[in-house]
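For reference, the chains in residue letters:
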Amino acid sequence: MENERIPIKYIENKNPDGDDIAGIIISLIDKNVLIGVTEKRGGDAEVSLDVEKAKELVAAINSAIELIDK
């Protein structure tokens with residue numbers, strides 16, 4: 001898995017303004033989780049998270065979902 005980018009999931013939707021297609025790209029590289037955000041007609045951003053930071057992100061997303069479901 002050394003320096004090999006392994007694609008996991010691409011989730012496509014609209015950006016917050018609703019005027020562009022946007023997506024989240026999840027992949028693995030060097031035992032890190034890469035989270036990328038892209039817009040069809042815009043810029044890209046990417047962050048690399050180690051396992052602990054990735055778990056922290058999952059916990060934060062789960063907390064946000066719980067608040068939405070209330």
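Computed from a predicted model, the values in this text were never measured in an experiment.

Rules used in this analysis
Residues numbered from 1 in each chain as written. Predicted model: local features only at pLDDT ≥ 70, side-chain atom pairs only at ≥ 80, totals over all residues. Heavy atoms only, no water. Helix = DSSP H or I, 4+ residues; strand = E, 2+ residues; numbered from the N terminus. Contact = heavy atoms within 4.5 Å. Pairing = 2+ DSSP bridges. Axes fitted to C-alpha atoms, helices over the stretch in contact; angles between N-to-C directions. Salt bridge = Lys/Arg side-chain N within 4 Å of Asp/Glu carboxyl O. Polar contact = N/O pair within 3.5 Å; in protein donor to acceptor, adjacent residues only side chain to side chain.

### Topic: the environment of alanine 45
Here's step 1: Residue position: alanine 45 is located in strand β4 (residues 44-49).
Here's step 2: C-alpha separation for the pair alanine 45 and isoleucine 35, spaced ten residues apart in sequence, amounts to 8.4 Å.
Here's step 3: Among residues more than four places away in sequence, those in contact with alanine 45 are Ile35, Gly36 and Val37.

### Some details on the sheet that holds strand β1 (residues 6-14)
Here's step 1: Sheet architecture is open: four strands sit in the order β1-β2-β3-β4, paired in antiparallel fashion. Each end of this open sheet is capped by a strand with a single partner; those strands are β1 and β4. Strand-to-strand twist of the sheet, defined as the mean angle between neighbouring strand axes without regard to direction, takes the value 15°.
Here's step 2: One ladder, built from six bridges, connects strand β3 (residues 32-39) with β4; its direction is antiparallel.

### Details of the pattern of salt bridges
Here's step 1: Summed over all chains, the structure comprises three salt bridges.
Here's step 2: Note that arginine 5 is salt-bridged to glutamate 46, the shortest N-O span being 2.9 Å. Linking arginine 5 in the segment before β1 with glutamate 46 in strand β4, this pair joins segments that are 41 residues apart in sequence.
Here's step 3: Here arginine 41 makes a salt bridge to aspartate 20, at a shortest N to O gap of 3.8 Å. Note that arginine 41 is positioned in the loop between β3 and β4 and aspartate 20 in the loop between β1 and β2 (21-29), a separation of 21 residues in sequence.

### Focus: the environment of aspartate 44
Here's step 1: Along the chain, aspartate 44 turns up in strand β4.
Here's step 2: Among residues more than four places away in sequence, those in contact with aspartate 44 are Val37, Thr38 and Glu39.
Here's step 3: In this structure the side chain of aspartate 44 is engaged in a polar contact, spanning 2.4 Å, whose partner is the side chain of threonine 38.

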